[in-house]
Amino acid sequence: MVSFRQLLCFVLSLLSFISVFYSVGKLSIFLATPVRTQDAASQTLPTERTELRAALFSLLFNSIWVVLFVLQHSAMRAAVVKRFWKAIGLELAERSIYNIASSYCLLLMLKNWKSSPTQYCLWFFDVEENPTLWWVLVGAHVLSWIVVYGGSLMVDLPELIGLKHVYYDINDLAPPMSYKSRDLQDYYQRYRHPSFVALSVVLWFTNGMTIDRSLLASVWTLYMYLAWNTTKVDLQYQQHQLERKRAELARVTN
């Protein structure tokens, strides 16, 4: 018999699944959409006070949403937050609630993002006049997101979303992480997001890099670099797993 707590956690895990894919989809469109000529910001610094004020206001406004996402992403991983969910009986939904909150912060940022027409543009390439460049831009983003989604599947996406926690609890099984090796558990504690390089590409590879877009790319790239503290032990673990896979494939093919 499924309890009310399990049913609630299951609903939250489904909402987490939907929220993550919807928000990441919106983010991918936001980052991949080329800047058109008529929308391109100025490539000269604003000199008039009103133009400068408008540019600084949009930059400050966008900074709030960028920092909000980083703070939420870090604060909800704290031990005190995990103890709170456990105290109220929602430890099963901890991962789901974290994903829902991250998705909501991301959607808030995308909805409220403001780009001033006087915003200084670091670089701009007219992709409307160069179809090859347009396809290179879109293709790089598509390939990068394929790498990100593929990597998410490899790091156990159902567990990352929160679905596995509820399924295991309903079937009277131990938490899903307990079935993984100690080395893999330690690795997942430090690194759960796939491909630093692919995410950096979608942040920086654009035909029109404004100051506010560069702020977003700089803050998130720095956050990824500092938060994903992969160690030498992690690299050795990955190399060992790769060698095991190669040996298994060799036995199968032979």
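Scroll up to find the structure this text is about.
The text that follows walks through the structure, step by step, so that each part is easy to find. Source: prediction; values computed, not measured. (Residues numbered from 1 in each chain as written. Predicted model: local features only at pLDDT ≥ 70, side-chain atom pairs only at ≥ 80, totals over all residues. Heavy atoms only, no water.)

Let us now look at the packing of aromatic side chains. Summed over the entire model, instances satisfying the criterion amount to nine aromatic pairs. Plain terms: the ring middles of Phe 21 and Tyr 149 are 5.6 Å apart, the flat faces sit at 25° to each other, and that makes the pair stacked. Within this pair, whereas Phe 21 is found in helix H1 (residues 4-32), its partner Tyr 149 is found in helix H5 (residues 131-154), the two being separated by 128 residues in sequence. Using a relative accessible area of 31% as the deciding quantity, one classes Phe 21 as partly exposed. Since its relative accessible area comes to 31%, Tyr 149 is described here as partly exposed. Summarising the aromatic geometry, the rings of Trp 134 and Trp 135 are spaced 4.8 Å apart at their centres and angled 90° between planes, so their arrangement reads as edge-to-face. You can call Trp 134 partly exposed: its relative accessible area is 30%. Taking relative accessible area as the criterion, Trp 135 reaches 58% and is therefore assigned exposed. Each member of the aromatic cluster is reached from another via a ring pair, and the members are Phe 17, Phe 21, Trp 145 and Tyr 149. A cation over a ring is seen here: Lys 114 above Phe 61, with NZ or CZ 5.4 Å from the ring centre. (Phe/Tyr/Trp six-rings, centres within 6.5 Å; stacked < 30°, edge-to-face > 60°. Helix = DSSP H or I, 4+ residues; strand = E, 2+ residues; numbered from the N terminus. Buried < 20%, exposed > 50% of the residue type's maximum accessible area, 1.4 Å probe, protein only. Lys NZ or Arg CZ within 6 Å of the ring centre and 35° of its normal.)

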